[in-house]
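# Structural overview
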Amino acid sequence: MSGASGTGHHGGGRGPAPPQPPGARLDRPALTVRSLIADEGLGIELTLLAGAAGLDRPIMNTRIQKSGLALVGHFHGIVPTRVQILGQTELSFLHKLSRDDRLRSLRGFFELGLCCVILTQGDQPFETNSSGIGFFPVPELAQCAEETGTPLLVSAVRSSVTITALHALLDDRLAPRLRLHGVLVDVFGVGLLLMGSSAIGKSECALDLVMRGHRLVADDAVECDYRPPGMIFGAPAELLRYHLEVRGLGILNVKDLFGVTSIRERKRIDVVVKLVEWSKDTEYDRLGLDERYHTILGVKIRELVIPVRPGRDMASILEVAARNELLKNAGFHAAREFFGNVEGELLRERAQEESAVPPPVKVAEEGAPRAAAPPRPPPPPLGVDPPNPPSSAFRPPVDRGRPPPLPSRPGSGFDATESSVSLPRPRRRG
């Protein structure tokens, strides 16, 4: 089983494609006006009114244009490969012009080499006093379309409905496509694109994941296509659909072996997993803080580089990678939260250490006068007790129900409430 290899990069499918890596194949789809009319996926009916000679003109752009300014001679920004729409407003403006002015305006417009022009609500009659529904009062449209070989189509629905249907169809038919060598699996709803060198074990990992209940999308050749506003979808090649190649077993039909719940027709690519051979001289990501991206068709997709080594359970690692991707999409990043907690703890310890250090002692500068010490009180004379220093914390005692003082004896000169400290000292005789 062979397939294109490489990691193709492309600038979103707009403009000239940059050089592709060897083995990557970039498809540039095109859609003719004839195919657009006959496509059943459009959902609306388009009728050819004039300009059958240009039915094979290619439509190369997924967006349409409302060409109101072009009818007054302002042709800047008109892209011939885009579908041109003329609605009620434009038809009403053309109806108010004279025949010569209409011919001059429409000839300048159709001579731009347009792929096709679509009139909306063209099967309804025109009302003079209304907004201008229908194309009957502007016969010069068919005349100019025949002269230039530009297909003139009519849509029976309003402009908004026609534009929505055209965008949905052109986004699918004209989506930029790229074929890559790899294996695409759906793990817990996350599209994992396994890439790596040949025989590194991509198909074996996919088989192990299928046996765990996950889904296989494509093996060996993955058809990638771009969808706005910046999504890459993968699908299997038509001949390789439902098949998986395992060395030693050969080609297996996954749908027949495990049932319809083991396969999927199409899946968005959410993570690119690069499987590389383990080497002791290579430094691999052990923290998960740095984000790596892989570019496919101009869209950046998160990339993981996982080393392969005997004894490693790669299926379990890929399951955890899918679960971790779901957490990141929900706003939970385990590595960043862990390092945020570590940094917060370090900052708290540093703040505690700084608060425990005493303030520095101020040292007087050399030559500066020192402050004089306060004078000490003189010592008391001999035989006199030093007075008790007043206490700022002294408070009068509170009566807490003590018994009344004892009555003093008459003539003793002693008061029962008097403290023994205040008794006069006896004098010495002689």
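Placed above this text is the structure.
Now for a look at the structure at hand.

The rules behind the values
Residues numbered from 1 in each chain as written. Predicted model: local features only at pLDDT ≥ 70, side-chain atom pairs only at ≥ 80, totals over all residues. Heavy atoms only, no water. Helix = DSSP H or I, 4+ residues; strand = E, 2+ residues; numbered from the N terminus. Buried < 20%, exposed > 50% of the residue type's maximum accessible area, 1.4 Å probe, protein only. Contact = heavy atoms within 4.5 Å. Areas by Shrake-Rupley, 256 points an atom, 1.4 Å probe, with all protein chains shown as cover. Pairing = 2+ DSSP bridges. Salt bridge = Lys/Arg side-chain N within 4 Å of Asp/Glu carboxyl O.

## Section: the overall build of the protein chain
For the protein chain, the helix and strand inventory stands at nine helices and 18 strands. Counting the 430 residues in the protein chain, one finds 36% classified as buried. Across the protein chain, the fraction of contacts at a sequence separation of at least 24, relative to all contacts at a separation of at least 6, is 71%. Carbon and sulfur atoms provide 55% of the accessible area of the protein chain, an area that totals close to 26900 Å².

## So, the pairing of strand β18 (residues 299–308)
Strand direction decides the pairing type here: strand β16 (residues 271–277) and β18, joined by seven bridges, are parallel. Each bridged residue has a counterpart across the sheet, and for V271 the counterpart in β18 is R302. Across five bridges, strand β17 (residues 292–296) lies against β18 in antiparallel orientation. Across the sheet, residue Y293 finds its bridge partner in β18, namely R302. Between β17 and β18, which pair antiparallel and follow one another directly, the connecting turn spans two residues, one of which, L297, has a positive phi of 55°.

## Describing the pattern of salt bridges
Tallied over the full model, the rule gives 28 salt bridges. R173 serves as the salt-bridge partner of D172, at 2.3 Å between the closest nitrogen and oxygen. We classify D172 as partly exposed; its relative accessible area is 25%. Where salt bridges share partners, they join D39, D172, R173, D225, R227 and R266 into one cluster.

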